[in-house]
Amino acid sequence: MAAAQFDAVIVGGGHNGLVAACYLAQADFSVCVLERYKTVGGAAITEEIDPVNAPGWRLSIGSYVLSLMPRSILDELGAWQHGVELIRRNPRFFMPFPDGQHIISWEDEDRFLEEIAKFSKKDAENYPRYDAFVEHTARVMDRYILRQPPTFAEFAAEFRTTEEAKIFQKMILGSAADVAEYFFESEQMQAVVSGLGLIGTFRGPRDAGTAYVKLYHTMGNVTGRRGQWAYVRGAMGTVTQALATVARGLGVTIRESAEVSEVCIADGRATGVATVGGEEIRAKIVLSNADPKRTYLTLVDRAELPAEFVRDIEAILIDSPVMKLNLALEELPHFTALDGSDQGLARTGGVFIGPSVDYLQRAYEDARNGRPSDYPMMSVHMQSAVDPSVAPPGKHTLSIFTQYYPYQLGEGTWDERRDEIADHAMARFAEYAPNITDAVVARQVLGPPDLEARFGLTGGHIFQGELVPEQAFDLRPVPGSKTYEGPIQGLYLCGAGAWPGGCVMGAPGHNAAHEAIANLKAGRYN
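Our subject in this report is the structure included herewith. Worth saying up front: this structure is predicted, and the values here are computed from it rather than measured. (Residues numbered from 1 in each chain as written. Predicted model: local features only at pLDDT ≥ 70, side-chain atom pairs only at ≥ 80, totals over all residues. Heavy atoms only, no water.)

What follows deals with the overall build of the protein chain. From N to C terminus, the protein chain includes 17 helices and 18 strands. What you see for the protein chain is a C-alpha radius of gyration of 22 Å, in line with the 24 Å of a compact globule of 526 residues. With the C-alpha coordinates aligned to their principal axes, the bounding extent of the protein chain is approximately 70 × 60 × 50 Å. With 526 residues in all, the protein chain has 63% of them scored as buried. (Helix = DSSP H or I, 4+ residues; strand = E, 2+ residues; numbered from the N terminus. Rg over C-alpha atoms; globule rule 2.2 N^0.38 Å. Buried < 20%, exposed > 50% of the residue type's maximum accessible area, 1.4 Å probe, protein only.)

Here it is as structure tokens:
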């Protein structure tokens, strides 16, 4: 049988692959998306965690909230018309402390400043300057998100004045703790500010580069308000199913349960892919939504690559610190810090557990030495509290995104210790919400090796590589990455391992597609 022929074949039906497919199809190119799993979505997927024991509880298995996707992508592709509905969260988050105190992040700044003032009036006074500091950097980032990777020097040149140089020093080169301690004196606010600099990152709050991670997680604008994260009604799979609907409407062929085993190359040029079933699909170009290591070290024969490029790919920092717990619940957590108050204050947005910079640093040091964190950092979400569509009537869902957990344990293996490690994390969470222990109907535990196996993420890394300055700009995935096409002509990276990086963003898919469209229209692959 003759091999199928397309203008473009895309490896992986995650959100970036689907975004790329849509733009290519809009430009009248024929596109085929190949997804290894039974349905598209990648890590942005909605599923039951236990269809037998917990039917009807539907969770965001990987990613869980949306902020960083530029609204222009959803607008241009018409995804809003296919079920994407954002649920804004007010309060944004609730943070309990071991002594029974808490802080609530309200959308209204005056109310949030009142919360901050409970711990330090000076911190409340400093908050507007801190906010302006972050906003300035985010506005610079805005100019570089939907384009080819900038050089580090090009980006740095945006910070010209003495005040801007200070911003660059703190927000790009510094640590999350540097920023927190520069602006705030209370350990509570220092913890609040540091936390976002650690999400998905195998570094501690005092390690350089974590301020950039913090910036990255505060620059989103999908709701129309900077830094605001939202649930998507129906959980995160709604986004990717909407993109798949758009793609199919544009004529894209989407094949599920179709794992790619090899990128076919002839005379230094990608000519298509082969599947694990032995089928060859030919194309003028290939876009890989897989991470850089999987793409270049597994799907591509190393003999086709320059030796130095292979060394650079091998050197990418890509070990995950993340464990994800997905839970079906009989009832929502009851936080002791809100005894006598409205428990709903903790249920609208996220719950963050990580009460001080030192606490967070110790959690990291545990994992750096091969141990699961004794007192882990947690980002907890209860989508069912504001979106009853994801659970049976009166029942609830809970996800705990927690760090730090090494991919390679110092003692034992994840298969041997998975439940023990998860039980310990649950016990730490129960110190803040004791009723959680008896509320669990079903539980899914995804340690770093499980994230790798389930989503095809090397090292289990949710960003397809550390999202730090030395792996950003034209240094992502490797130094000299000024385009999305690497050393193999016609082979593009379109996933989170390329600029600008991870989270459910779509920018890598958008940018790679536009670069490929320009090259296809120029006749480069004829």
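On to the nonpolar core. Grouped together as the largest cluster of nonpolar side chains are 187 residues, with contacts concentrated most on L24, L287 and F429. A per-element tally of this core places helix α4 (residues 121-145) first, with 10 residues. When residues no more than four places from it in sequence are discounted, the contact partners of L287 are A8, V9, I10, V11, A20, L24, Y492, C494, A512 and A513. (Core = buried A, V, L, I, M, F, W, Y, C linked by side-chain atoms within 4.5 Å. Contact = heavy atoms within 4.5 Å.)

For the structure on display, the rule yields 1 cavity of 30 Å³ or more. The space that makes up the largest cavity amounts to roughly 90 Å³. Every residue lining the largest cavity is listed: R58, L59, S60, Y64, Y231, A235, H381, Q383, V390, T397, L398 and S399. Elements with a contribution of two residues or more to the lining of the largest cavity: β4 (58-60) and β16 (396-403). For the lining of the largest cavity, the per-class residue count stands at 6 nonpolar, 5 polar and 1 charged. (1 Å grid on protein atoms, 1.4 Å probe; cavity = no way out; pocket = protein on both sides within 12 Å on 5 of 7 lines; lining within 4 Å. Points joined across faces, edges and corners; volume = space filled by probe spheres on them. Nonpolar A, V, L, I, M, F, W, Y, C, P; charged D, E, K, R; others polar.)

Applying the stated criterion to the full structure yields 0 disulfides. No disulfide involves C32; its sulfur sits 13 Å from that of C264, the nearest cysteine. For C32, a relative accessible area of 1% puts it in the buried group. Free cysteine C494: the closest other cysteine sulfur is in C22, separated by 12 Å. (Disulfide = S-S within 2.5 Å.)

Further remarks concern a negative patch on the surface. There is a patch of like negative charges on the surface, built from D108, E109, D110, E114 and D131. Looking at the negative patch, the element that brings in the most residues is helix α3 (residues 109-117), giving 3 residues. On the secondary structure map, E109 appears in helix α3. (Patch = residues over 30% accessible without salt bridge, like charges linked within 9 Å, V, L, I, M, F, W, Y side chains within 5 Å. Areas by Shrake-Rupley, 256 points an atom, 1.4 Å probe, with all protein chains shown as cover. Salt bridge = Lys/Arg side-chain N within 4 Å of Asp/Glu carboxyl O. Lys, Arg positive; Asp, Glu negative; His and termini not counted. Charge placed at Lys NZ, Arg CZ, Asp CG, Glu CD.)

What follows covers the environment of L338. Following the sequence through the fold, L338 ends up in the loop between β13 (322-329) and β14 (350-353). In this structure, the C-alpha to C-alpha distance between L338 and V232, residues 106 residues apart in sequence, is 27 Å. Once residues lying within four places of it in the same chain are set aside, the contact partners of L338 are F94, H102, Q343, L345 and A346.

Compared with the 16 Å implied by 1.5 Å per residue over 12 residues, the 16 Å span of helix α13 (residues 357-368) between its first and last C-alpha is a close match. Taken as a whole, α13 has its buried residues at V357, Y359, L360, Q361, A363, Y364, D366 and A367. Looking at the packing, one finds that the buried side of α13 touches α7 (176-183), α8 (187-195), β14 and β15 (377-381). (Expected span 1.5 Å × (residues − 1).)

Further remarks concern the sheet that holds β14. Ordered in space as β7-β6-β14-β15-β16-β13-β17, the 7 strands form an open sheet in which the pairing is mixed. Each edge of the open sheet is held by one strand with a lone partner, namely β7 (102-105) and β17 (440-446). Shown here is a sheet whose adjacent strand axes are inclined to one another by a mean of 15°, direction ignored. Relative to the sheet, helix α14 (residues 414-430) contacts β13, β14, β15, β16 and β17, its axis offset from that of β13 by approximately 65°. Relative to β17, helix α16 (residues 448-455) is tilted by about 85°, and along the sheet it contacts β13 and β17. (Pairing = 2+ DSSP bridges. Axes fitted to C-alpha atoms, helices over the stretch in contact; angles between N-to-C directions.)

Once that is clear, we can look at the packing of α3 against α4. Here α3 crosses α4 at 135°, and the two axes come no closer than 7 Å. Relative to α4, the element α3 is oriented oblique. In this structure, α3 meets α4 at a crossing whose hand is right-handed. Listed contacts from α4 to E109, F112, L113, I116 and A117 of α3 are K121, D123, A124, Y127, P128 and D131. Classifying every residue of the contact of α3 with α4 by side-chain character gives 7 nonpolar, no polar and 4 charged. (Parallel < 35°, antiparallel > 145°, perpendicular 65-115°, else oblique. Left-handed = near helix turned anticlockwise from the far one by under 90°.)

Using the criterion set out here, one finds 34 salt bridges in the structure. The shortest N-O distance in the salt bridge between R233 and D387 comes to 3.5 Å. With R233 in the loop between β8 (230-232) and α10 (237-249) and D387 in the loop between β15 and β16, this pair connects stretches of sequence that are 154 residues apart. With its nearest N and O atoms 3.7 Å apart, the salt bridge here joins R282 to E280. Among the residues examined, R282 registers a relative accessible area of 42% and is labelled partly exposed. Note on E280: relative accessible area 31%, which makes it partly exposed. Residues participating in the shared-partner salt-bridge network are E135, R139, D142 and R226.

This next bit is on the pairing of strand β1 (residues 4-11). Residues in a regular strand project their side chains so that they alternate between the two faces of the sheet. Burial of β1 is extensive: 6 of the 8 residues sit out of reach of the surface. Judged from the 7 bridges that link them, β1 and strand β12 (residues 280-288) form a sheet pairing that is parallel. The residue of β12 that forms the bridge with F6 is A283. In this structure, β1 lies alongside strand β2 (residues 31-34), joined through 4 bridges in parallel fashion. Bridge pairing in β2 links I10 to V33. Taking the sense of rotation as the criterion, the β-α-β connection linking β1, helix α1 (residues 15-26) and β2 turns out right-handed. (Right-handed = clockwise from strand over helix to strand, strands pointing away.)

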